[in-house]
Amino acid sequence: MTTKPRARDLGIPLPGTPGPLNAITDVPGLEVGTTELLSSRDPSLATRGIQVQTGVTAILPRGRDPEPKPVWAGQFSLNGNGEMTGAHWVRDGGWLAGPIMISNSHAIGPCHAAAVRWMVETYGDTWEDNHLWAMPVVAETYDGVLNDINGLHVTEALARQALDAAKPGPVTEGNSGGGAGMICYEFKGGTGTASRVIDVEGQGFTIGALVQANHGLRPWLTVAGRRVGEAMPEDRISDMMTERGSIIVILATDLPLSPGQLERLARRASIGIGRGGTPGGNNSGDIFLAFSTANEMPLPQLSGAWRQMTSLNDERLDPVYLAAVEAVDEAVLNALCAAEDVPMARPANGICRAMDTERLMDLLSA
């Protein structure tokens, strides 16, 4: 995939201080992997003349640490027309263990199977000897406009490729991973990421966001407070008269936060995507997860009677919330800026255009 300028590099006026990579991988220890199936690269993938444009994104909150250590977590759904496995336990237990995966709506099963197998293999004897069960988080958005979603092209093997590709460092955006076939504000959308660094009494912490952006109608699009979508009506998706996309937001931090605070942090993703113009449509799955890698400790099943953790005073949360809002907003913009034109699967012979960033900058400077 070509490398295009990101939102901040284009000169879009964005607030806040990003981390070195301006990515979720600025959170220490976290790794991200992506893999794609693209008939534009391999024409043999097209079935019944329908394009294949899909993939998988994998996030390893603690990398490849062979000891199964949970991360404290919180979950929130702005609009629930979608799926995120494991969310019930995150809300009840306040933690998750193992990978987080994102793909298309019909790929939950193979991604879940791949994540379970990865956990069984990675955690080895610990998983086998203690009657532990795997409950990975797998989320989805619908890519059936650009991809032959009913062809069920995502397999457990493909999902495992994303897990095996996970690494620290820059994250490939746009037409990458689970975002390969996604549409955002009727432009080509997909995978985007961003981060913010904050200071708490002289100590630095990071809040990172990764989005799979597949939401919004063109007239809603708002960038840096300007309603630019109305001025960019060309090449709209002709039959998209109502919202029917979704967005998954993953927020990660190394700041010590309790599960309740993380649930409230996940809620702030709503404000982040709202800055881009979406109200969270009726048919949209706007589903968010936040986790913290701080307070590292063994699984509760392998721990003693008492647990202790450090968490930030609630009175200091305002800058944390603001950082999350800014990172989510910028991650969506990065997905739009990185994306490239792709052919449509339905209707055939159409093209989903990437956003014209030169036109965008002209509108912002007018």
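Predicted, not measured: the structure shown is a model, and the values here were computed from it.

Caption draft 1: Summary view of the sheet that holds strand 14 (residues 285–292). Spatial ordering of the open sheet is given by 4-3-14-13-10-9, a layout of six strands whose pairing is mixed. Two strands in the sheet have a free side with no partner beyond their single neighbour: strand 4 (95–96) and strand 9 (190–200). Against the sheet, helix 5 (residues 259–267) engages strand 3 (71–80), strand 13 (246–253) and strand 14, with an angle of about 35 degrees to strand 3. Packed onto the sheet, helix 7 (residues 318–338) meets strand 9, strand 10 (203–214) and strand 13 and runs at close to 155 degrees relative to strand 9.

Caption draft 2: A look at the sheet that holds strand 2 (residues 53–60). In spatial order, the strands read 1-2-5-6; together these four strands make up an open sheet with mixed pairing. Two strands lie at the open edges of the sheet, namely strand 1 (31–38) and strand 6 (137–141), each paired on one side alone. Strand after strand, the sheet turns through a mean of 15 degrees between neighbouring axes, direction not considered. One ladder, built from eight bridges, connects strand 1 with strand 2; its direction is antiparallel. Counterpart to Thr 34 in the pairing with strand 2 is Thr 57. In the packing of helix 3 (residues 108–129) onto the sheet, the strands contacted are strand 2, strand 5 (100–104) and strand 6, and the crossing angle to strand 6 comes to about 155 degrees. Sitting on the sheet, helix 4 (residues 156–165) touches strand 1, strand 2 and strand 5, and the angle it makes with strand 1 is about 145 degrees.

The rules we used
- Residues numbered from 1 in each chain as written.
- Predicted model: local features only at pLDDT ≥ 70, side-chain atom pairs only at ≥ 80, totals over all residues.
- Heavy atoms only, no water.
- Pairing = 2+ DSSP bridges.
- Helix = DSSP H or I, 4+ residues; strand = E, 2+ residues; numbered from the N terminus.
- Contact = heavy atoms within 4.5 Å.
- Axes fitted to C-alpha atoms, helices over the stretch in contact; angles between N-to-C directions.

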